[in-house]
Amino acid sequence: MTTSADPVSIQSLPHLALNVTGMEASATFSPEVLGFQQLCAQTGVVAAASSGFLTPSGVMVELLHFAHEDGSLVEVDTSRDTVRLAFSVADMDQAKAALKGSGVEPVAPWSSRGS
C-alpha cells in the first residue's frame, strides 16, 4: 500500500462503525492515510476482530469484522454492502491526492460546501 506523507485532515465526523473484511489492511489505512489514532484492537468481544480509532477531532471510529457461528469470517459483498463516508477537510486537493495516492478512488462529486 502506498501511503501519503500528509494524512487527510478530518474536521468533523460522527461516531460510526464499519464492517470490514480485511482488518489488517483497514487498521493500517486508518492511521496512515486518515491520521486516526488507534485506541484498541481486540478479538472475540464485539466481533471476530475489532479496532477502535480516534479521529483528530475526537470522534470514535470502530472497524468490525464479524464471524459466522462456525467461526468463519463474514465477507462483505462490495456490490451491495458499501458505505459512503463524507468528511469535512481543510484542503480538498490535498485530501484527493492523499486518498488517490493510497489507492482509493473517491466517489464524485467532490464539493466544497461549508468552506
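Residues numbered from 1 in each chain as written. Predicted model: local features only at pLDDT ≥ 70, side-chain atom pairs only at ≥ 80, totals over all residues. Heavy atoms only, no water.

Some points on the overall build of the chain
Here is step 1 of the chain: Counting secondary structure elements, the chain contains two helices and six strands.
Here is step 2 of the chain: Tracing the chain from N to C terminus, the helices and strands come up as β-β-α-β-β-β-β-α.
Here is step 3 of the chain: Going through the 115 residues of the chain one by one, you find that 28% of them count as buried.
Here is step 4 of the chain: Considering only contacts within the chain whose residues lie at least 6 apart along the sequence, 58% involve residues at least 24 apart.
Here is step 5 of the chain: Element-wise, carbon and sulfur atoms account for 51% of the exposed surface of the chain, whose accessible area totals about 7300 Å². (Helix = DSSP H or I, 4+ residues; strand = E, 2+ residues; numbered from the N terminus. Buried < 20%, exposed > 50% of the residue type's maximum accessible area, 1.4 Å probe, protein only. Contact = heavy atoms within 4.5 Å. Areas by Shrake-Rupley, 256 points an atom, 1.4 Å probe, with all protein chains shown as cover.)

Observations concerning the environment of L39
Here is step 1 of the chain: Secondary-structure assignment places L39 in strand β3 (residues 37–43).
Here is step 2 of the chain: Since its relative accessible area comes to 43%, L39 is described here as partly exposed.
Here is step 3 of the chain: Distance from L39 to V61, taken between C-alpha atoms, is 9.7 Å for residues 22 residues apart in sequence.

Description of the sheet that holds strand β2 (residues 16–19)
Here is step 1 of the chain: Sheet architecture is open: four strands sit in the order β2-β5-β4-β3, paired in mixed fashion. Edge positions in the sheet fall to β2 and β3, since each of these pairs with one other strand and no more. Shown here is a sheet whose adjacent strand axes are inclined to one another by a mean of 20°, direction ignored.
Here is step 2 of the chain: The pairing of strand β4 (residues 49–54) with strand β5 (residues 60–65) spans six bridges and is antiparallel. For S50, the partnering residue across the bridge sits in β5 and is L64.
Here is step 3 of the chain: Across the sheet, helix α1 (residues 23–34) is in contact with β4 and β5; its angle to β4 comes to roughly 5°. (Pairing = 2+ DSSP bridges. Axes fitted to C-alpha atoms, helices over the stretch in contact; angles between N-to-C directions.)

What about the nonpolar core?
A general tendency of soluble globular proteins is for nonpolar side chains to be buried together.
Here is step 1 of the chain: In this structure, V8, L34, F36, L63 and L99 are the most contacted members of the largest nonpolar core, which totals 19 residues.
Here is step 2 of the chain: The set of elements that each furnish at least two residues to this core consists of β2, α1, β4, β5 and α2 (92–101).
Here is step 3 of the chain: Broken down by element, this core gets its largest block of residues, five residues, from α1. (Core = buried A, V, L, I, M, F, W, Y, C linked by side-chain atoms within 4.5 Å.)

Some details on the confidence of the model for the chain
Here is step 1 of the chain: Across the chain, the average pLDDT comes to 75, with 73% of residues at 70 or higher.
Here is step 2 of the chain: Ranking the elements of the chain by mean pLDDT puts strand β1 (residues 10–12) last with 70 and β3 first with 87. (pLDDT = per-residue confidence, 0-100.)

Section: the pairing of β2
Here is step 1 of the chain: The two faces of β2 differ: L16 and L18 on one face are buried, but A17 and N19 on the other face are not.
Here is step 2 of the chain: Bridge count between β2 and β5: four bridges; the pairing is parallel. When the bridges of β5 are listed, N19 appears paired with L64.

Brief notes about α2
Here is step 1 of the chain: Taken residue by residue, α2 has A95, A98 and L99 as its buried positions. Buried residues of α2, seen end-on, are gathered within an arc of 95° and therefore sit on one face of the element.
Here is step 2 of the chain: Looking at the buried positions of α2, the neighbouring elements they touch are α1 and β6 (88–89).
Here is step 3 of the chain: Just downstream of α2 lies G103, where phi reads positive at about 90°. (Arc of directions from axis to C-beta.)

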